[in-house]
Amino acid sequence: MCGIVAYIGKQTAYDIIIKGLKRLEYRGYDSAGVALHNSKSLNVYKKKGKVADLETFIDDKDISGSIGIGHTRWATHGPPNDINSHPHQSGNKDFALVHNGIIENYAVLKEELTQRGHQFLSDTDTEVLIHLIEEIYTNSKKSLTLFEAVRIALNEVIGAYAIVVINKNNPNELIAARKSSPLVVGIGEGEFFLASDATPMVEFTKNVVYLEDGEIAHLSLETGLKIKTVANQEKTPYIHELEMHLETLEKGGFDHFMLKEIYEQPQSIHDSMRGRLRSSKSMVSLGGIKDYEEKIVQAKRLIFVACGTSWHAGLVGEYLFEDLARIPVEVEYASEFRYRNPIINEDDVVIAISQSGETADTLAAIKMAKEKGATIVGICNVVGSSISRLTDCGSYTHAGPEIGVASTKAFTAQVTVLTLMALMIGKKKGTITNQRFNRLLVELESIPEKLESVLTLDSVIKKIASTYKDSSNALYLGRGINFPVALEGALKLKEISYIHAEGYPAAEMKHGPIALIDEEMPVFVIATQDTSYEKVVSNIQEVKARKGKVIAIITKGDKDVKEIADHYMEIPLTDSLLVPLLATVPFQLLSYHVAVMRECNVDQPRNLAKSVTVE
Ligand code: G6P
């Protein structure tokens, strides 16, 4: 949460920073701000609202200078307003700072600083840090460099941070540090970039350094990039080559990123399987976990830890692994898991699922599991992300950048990778027959093509959306492996259209939600033809008997549900274990159209952020 961009070089810093902030708005959009140095003064502009509001505000201001820092905020301490916006300045206005994370001991520090005469303008934890830096620097009577002052200040800080500091008295340096919040340094020709992820720098450089936890960096055009730990150990920067393409960060003719990402799924699922699956050779191979394959095969238990949509992917994974690999699975909300004193031992394998690879709770959960000796496997989308670097092994989902805050293609890519993993482990364990294994490989390979046909339902789904767009509530029902699909369908609707929606296992409906059903209530049901089909049909009858409206996802050619449902969406027949990969997509489209019809901000729903780096 919160996005940071900074630049030092020869170009106009403002242009790079504003463009970068727009790319990082998925991290929060409560307010935005910049601090720009034009060799004479340090100009700070900040505004409540989106980056576009900041641009309008800055329209007639001085934006010159080739060094600057910028921020887009997801509010934690203090409401979203101009004063609480970043950058924050020191009392003497010599330094400005942008911050992503939470300074947990800010109240104590603030109290002490106040007693020593500091006056604060904002409600934020961030302002406390820049005052602390100022005090350490000033007290040293310039015997310390600003870099050293920041380093010493960070030793007094408890909490999470990615920060960048700019110095009014030296328009030739930026100081950056990270702990539990991401920060990437981009190295160009005579220029440096800093950002919460690599997207703001991709058109300028492919060479990046991912700062590690507890590292502090000094960036200067004269002395280059120097990295130390906060504990004062020199570090040698390790330069990674970015594999990101500019066009993947643009809307490509679609009205919204979310729609583009929904439509990308045949390709992104294909990319998740590329080089890993070949049905003609009976082959599934995930290179990233190969060295730990035996450990997973021998695991007494798998524990999936994740949040949000990724947690739903974990639930699908539970069905896949228990069925195909016969390993007991627990699926945990990362935030609950870590505070429960869970029983973990060395025979456990913890699988962390995360699109961003930065979710604070998931990160903390795997750190804890690692300390207790479990093997940690990652399933992440963002290459080089914190989770991917902390795990023992893992598989990237390769879905490409997902920019819409509501997750779509990342989910189906996670489910694809989980399917490949379960197949690989099941095969190795001998818990799946060769015949079933081969059949599933063929089916999985055909999913992208089948998904193309699901996407042709768009106009049907748009009509359904227009019928139910004014509903206040919605219920989503599914059984077995489609229960998580119901949860995900409900989450998508509430996230972006603000309609209250709940997902339930279809059979549980009669233990509560049935009381809500009346002629106003749309009930979305996954009623595809598999082992629980008959039971789901009965559940649909129960809804109809109470005058509820039923919108069903059915298998092409189905007759029974077609007759009783008010609306239906037909998807191609596939193996029941693979239905989630197809059935999720109509629900994504439905939520999208409802949200557009309700004039909601589809890509940036209120109060949400995509990369949740606070606990
Ligand atoms: C936020 C996002 C969700 C995402 C969840 C977990 O809530 O809005 O789309 O599913 O975080 O994020 P992760 O990056 O760990 O998958």
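Procedures and definitions
Residues numbered from 1 in each chain as written. Predicted model: local features only at pLDDT ≥ 70, side-chain atom pairs only at ≥ 80, totals over all residues. Heavy atoms only, no water. Salt bridge = Lys/Arg side-chain N within 4 Å of Asp/Glu carboxyl O. Helix = DSSP H or I, 4+ residues; strand = E, 2+ residues; numbered from the N terminus. Buried < 20%, exposed > 50% of the residue type's maximum accessible area, 1.4 Å probe, protein only. Core = buried A, V, L, I, M, F, W, Y, C linked by side-chain atoms within 4.5 Å. Domains from an automatic or database assignment. Contact = heavy atoms within 4.5 Å. Buried area = accessible area lost by both parts, 1.4 Å probe. Polar contact = N/O pair within 3.5 Å; in protein donor to acceptor, adjacent residues only side chain to side chain. Nonpolar A, V, L, I, M, F, W, Y, C, P; charged D, E, K, R; others polar.

Asker: Describe the pattern of salt bridges, listing the residues and the values that go with them.
Answerer: Scanning the entire structure with this criterion turns up 27 salt bridges. Salt-bridge contacts for Asp213 lead to Arg178; the nearest nitrogen and oxygen are separated by 2.8 Å. Of this pair, Asp213 sits in the loop between strand 11 (207–210) and strand 12 (215–220) while Arg178 is found in strand 8 (residues 173–179), placing the two residues 35 residues apart along the sequence. By relative accessible area, Asp213 is classed as partly exposed at 35%. Classification of Arg178 as buried rests on a relative accessible area of 3%. Lys290 is the partner of Glu293 in a salt bridge, and the nearest nitrogen-oxygen pair spans 3.2 Å. A residue is classified by how much of its surface remains accessible, and Glu293, at 9% relative accessible area, is buried. Ionic contacts of the salt-bridge type, sharing partners, join the residues Lys19, Arg23 and Glu203 into one network.

Asker: Talk me through the nonpolar core; I want residue IDs and the actual numbers.
Answerer: Counting residues in hydrophobic clusters, the biggest one holds 90 residues, and the most contacted among them are Leu302, Phe321, Ile351, Met421, Leu423, Leu444 and Tyr476. With 11 residues, the single largest contributor to this core is helix 20 (residues 579–597). Residue assignment places this core across two domains, with domain 2 (250–454) and domain 3 (456–615) each supplying three or more. In this view, Phe321 contacts Leu302, Phe304, Arg326, Ile327, Val329, Leu418, Met421, Ala422 and Ile425; residues no more than four positions away in its chain are not counted. Among the nonpolar cores identified, the runner-up in size contains 32 residues, and Leu36, Tyr45, Ala195 and Val202 belong to it.

Asker: Break down the side chain of Thr359 for me, citing the residues and quoting the values.
Answerer: Take Thr359: it is sitting in the loop between strand 20 (348–354) and helix 11 (360–371). Filtering out sequence-adjacent residues up to four positions away, Thr359 remains in contact with Cys307, Ser354, Ile387 and Val612.

Asker: Help me get a handle on the domain arrangement of the chain, residues and values and all.
Answerer: Segmentation of the chain into domains returns domain 1 (3–248), domain 2 (250–454) and domain 3 (456–615). Taken together, the contacts link 14 residues of domain 1 with 12 residues of domain 2. Buried area between domain 1 and domain 2, summed over both chains or domains, comes out near 1100 Å², and the portion from carbon and sulfur atoms is 46%. Counting the surface domain 1 buries against domain 2, the share from its top three residues, Tyr26, Tyr210 and Thr248, is 39%. On inspection of domain 1 and its partner domain 2, the count reaches two salt bridges. As a salt-bridge pair, Glu212 and Arg389 come within 3.1 Å of each other at their nearest N and O atoms. Here domain 1 is connected to domain 2 by five residue pairs in polar contact (both at pLDDT 80 or more). Split by residue class, the side of domain 1 that touches domain 2 holds seven nonpolar, two polar and five charged.

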